[in-house]
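A look at the structure
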Amino acid sequence: MKLFLDDTRKPYDVFRNTIDPIYENDNEWTIVKNYEEFIDTILESGLPEIISFDHDLSQNHYLPENQSNIDYNNLKDRSGYDAALWLIGYCRMNNFELPMVKVHSANPEGKRNIERVLHLTNKSS
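Residues numbered from 1 in each chain as written. Predicted model: local features only at pLDDT ≥ 70, side-chain atom pairs only at ≥ 80, totals over all residues. Heavy atoms only, no water.

Thoughts on unusual backbone geometry
We apply this condition: A run of H or I in DSSP counts as a helix once it spans at least four residues, and a run of E counts as a strand once it spans at least two, with each numbered from the N terminus. Accessible area is worked out with a 1.4 Å probe on protein chains only. A residue is then buried under 20% of its type maximum, exposed over 50%, and partly exposed in between.
The backbone of I19 sits at a positive phi, close to 60°, despite the residue not being glycine. Within the fold, I19 resides in the loop between α1 (11-18) and β2 (29-32). Given a relative accessible area of 56%, I19 falls into the exposed group. Of note in this structure, N95 is not a glycine but carries a positive phi near 55°. One can find N95 in the loop between α3 (80-93) and β4 (100-103).

Encoded structure:
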């Protein structure tokens, strides 16, 4: 299974912007739109072979104040960063290796935050 976390886009939308062939076929992905669906899908179906993260999963996340110096404690809705943190905890608790991950978010700081936490986790494993 390939898991695509994004509230508005589909994998092919990302393909059009990046020309990364992994995103070319929507039918190859299980698409989830929020933090809760992300967790439920992994708990029900197991770890996917690859996960692609978006950061902003709510209309509130698109506000200018949530595009830089992100204060995760003040976000009402969970973000892709929160999903990445949950994934790390889930894998540690179950002695699983992290699956392959990509971050397709258009939010530059959110993207860096997700990539940083996943990179640090892979280095410490």
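Don't stop here, the text continues.
Section: helix α2 (residues 35-45)
Side chains three or four residues apart in an α-helix point the same way, a direct result of the helix having 3.6 residues per turn. Using the following cut-off: Think of it as the arc spanned by the lines of direction from the helix axis to the C-beta atoms. We call two residues contacting when some pair of their heavy atoms lies within 4.5 Å. Definition of a polar contact: a pair of N or O atoms within 3.5 Å, with one able to donate and the other able to accept a hydrogen when the atoms are protein atoms, and with sequence-neighbouring residues admitted only if both atoms are side-chain atoms.
Along α2, the residues that are buried comprise Y35, F38, I39, T41 and I42. All buried residues of α2 lie within an arc of 160° about the axis, which places them on one face of the element. Turned more than 90 degrees from where α2 packs its buried face, L43, E44 and S45 sit exposed. For α2, the elements touching its buried residues are β1 (2-5), β2, β3 (50-53) and α3. Sitting at the amino-terminal end of α2 is N34, which places a side-chain oxygen 3.1 Å from the backbone nitrogen of E36.

What to know about the nonpolar core
Defined as follows: Working definition of a nonpolar core: buried Ala, Val, Leu, Ile, Met, Phe, Trp, Tyr and Cys residues. They are joined through side-chain atoms within 4.5 Å.
Counting residues in hydrophobic clusters, the biggest one holds 23 residues, and the most contacted among them are F38, I42, F53, W86, L87 and L118. Those elements that place two or more of their residues in this core are β1, α2, β3, α3 and α4 (108-124). Looking at this core, the element that brings in the most residues is α3, giving eight residues. Setting aside its immediate chain neighbours within four residues, L118 contacts F53, A84, I88, L98 and V101. If you look at the next biggest cluster of nonpolar residues, it comprises seven residues, including V14, I22, Y23 and W29.

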